[in-house]
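# Coordinate analysis (summary)
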Amino acid sequence: SRDVSRGRAVTLTLAYVLAMAAAYAVFGVVAGYFGANLQAALQRPWVLWPFAGLFILLGTASFGWFDFQMPGRWQGALSRLGQGQRGLAGAAVLGFAAALIAGPCLAPPLAGALLYISSSGDLLLGGAALFCLGLGMGLPLIGLAAFGATVLPRAGRWMQDVRVFFGVMLIAVGLWLALRLAAPVVALAAWGSLALIYGCYLTTRASDGTTGTVVRRLVCGLLFGYAALAGLGWAIGDGRPAQPLAGLAGTGASTTGQARAQFTRVTDATGLANALAAAKDRGQPALVDVYADWCVECVQMKNGLFQVPGVRAALDDVAAIELDITAYTKDQRALLARLDVFGPPTMLFYSRNGSARDDLKSVGTLDEDALVARLAAIK
């Protein structure tokens, strides 16, 4: 506004952004306090699927098929709040309220940060990490307040393509949420279909210049290429979104079954003790994979890392045990406490004499080389 100086605009925006960041810091502290309980709750299908549906709905709205916005009553209330309190307090209240209302629209980064914080259990880290997330989200607002409308690009036909692009990105986020626990082949088919549809759309758009035409053709080529690989991988079987042609490398359905058959599944302390005792009697080292269906990284390692030929070969003379805590019962939580495990994904390693190798304990995901090295160490 012409009635507000540049410095005043920056000050009001800082109050708005800091309050918004404080709201996310509260989320971080709560996540750190509840720990794996929150992690389990956020990964349930009844939580993931509604969020996925919301993102897909927002994505289709970006195509201009219908209008989707905040209820008018909410908009009016926020507008009156902003008009009634022109000071820093009003900006702060608006920022805090915006974080609460717009929170569901930030599910991917917010959920990712919350899950990481819940894995650490650190309240200070939780609050600081989410506060930084809020600050990062607010930087564009601060820049706009500092430099004004001069930083905004001119309107034009390109804005329709940008709008569609962000609509596709929203749908992609919805698919990412909905397919996290789905079979890899199903996810591959979904991603391939999205790439094919978006590529077909881009072929119908005209470019303003030579550079735009070249860029558009390059993007279309990449999209159609991935869609073709995804279709071929789906037909072969055992393809994954990141590796559509994994089936050609000898990781087909039969080897997938072999990889999973290598693991002895247990769900309680008695089963784990019996499996470890059996391994000790056979003179075998043991690997305990703390797993849960609601742990996305666990599912990805089960369908990816443990299917890699090098890992399967390294597991041949190792007692592989899957401690499945999907139910997350009171007894299972007590068992995790005795094992000094906060939650999945975690890998525990045991020597041939049954002693735990705490120096090799892994929290989080591992790559192939790191896992093979740890398996070699317990052998």
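As a reminder, the structure under discussion sits directly above these lines.
This text gives an overview of the structure that appears in the document. Residue positions within a chain follow its written sequence, with the count starting from 1. Residues qualify for local features only when their pLDDT is at least 70, as the model is predicted, and side-chain atom pairs are given and counted only at 80 or more; totals for whole chains, interfaces and linings, by contrast, use all residues. Hydrogen atoms and water are omitted, and side-chain values are computed over all heavy atoms in the structure.

## Quick look at the environment of Val47
By the secondary structure assignment, Val47 is in helix α3 (residues 45-62). C-alpha separation for the pair Val47 and Leu177, spaced 130 residues apart in sequence, amounts to 9.6 Å. Helix numbering and strand numbering both begin at the N terminus, where a helix is a DSSP run of H or I of at least 4 residues and a strand a DSSP run of E of at least 2.

## Remarks on the nonpolar core
Formed by 24 residues in total, the largest nonpolar core has its most connected members in Leu272, Leu276, Val288, Ile321, Leu323, Ile325 and Leu336. Only heavy atoms enter the contact rule, under which two residues are in contact if any of them lie within 4.5 Å. With residues near it in sequence (within four places) discarded, Leu323 still touches Val266, Thr267, Asp268, Leu272, Val288, Asp289, Val290, Tyr291, Leu335, Leu336 and Leu339. In terms of nonpolar packing, the next biggest core, distinct from the first, is built from 17 residues, Phe306, Leu315, Leu360 and Leu375 among them. Joining through side-chain atoms within 4.5 Å is the link that ties buried Ala, Val, Leu, Ile, Met, Phe, Trp, Tyr and Cys residues into a set, and such a set is a nonpolar core. Only protein chains enter the accessibility calculation, which uses a 1.4 Å probe. A residue is then buried if its area is under 20% of the maximum for its type, exposed if over 50%, and partly exposed in between.

## Let's talk about the packing of helix α8 (residues 158-178) against helix α9 (residues 184-203)
The convention used is that axes are lines fitted to C-alpha atoms, helices contributing only their stretch in contact, and that angles between N-to-C directions extend from 0 to 180 degrees. At a closest axis distance of 11 Å, the pairing of α8 and α9 adopts a crossing angle of 175°. Between α8 and α9, the interaxial angle falls into the category roughly antiparallel. When α8 is examined against α9, the residues Gln160, Asp161, Val164, Phe165, Val168, Ile171, Ala172, Leu175 and Trp176 are found in contact with a partner set consisting of Ala190, Trp191, Leu194, Tyr198 and Tyr201. Charged residues are taken to be Asp, Glu, Lys and Arg, nonpolar residues to be Ala, Val, Leu, Ile, Met, Phe, Trp, Tyr, Cys and Pro, and polar residues to be all remaining types, Gly included. Across the contact of α8 with α9, the residue classes tally to 12 nonpolar, 1 polar and 1 charged. Oblique is the label for any angle not under 35 degrees, not over 145, and not in the 65 to 115 range, which are roughly parallel, roughly antiparallel and roughly perpendicular in turn.

## Description of the pairing of strand β3 (residues 319-324)
Of all 6 residues that make up β3, 6 are buried, and the element is covered over most of its length. The side-chain alternation of β3 yields two buried faces, one formed by Ala319, Ile321 and Leu323 and the other by Ala320, Glu322 and Asp324. Here strand β1 (residues 263-266) runs beside β3; their pairing, made up of 4 bridges, is parallel. For Phe263, the partnering residue across the bridge sits in β3 and is Ala320. Following DSSP output, two strands are said to pair if at least two bridges run between them. Pairing analysis gives 6 bridges linking strand β2 (residues 286-291) to β3, with the strands arranged parallel. Its bridge partner lying in β3, Leu287 is registered against Ala320.

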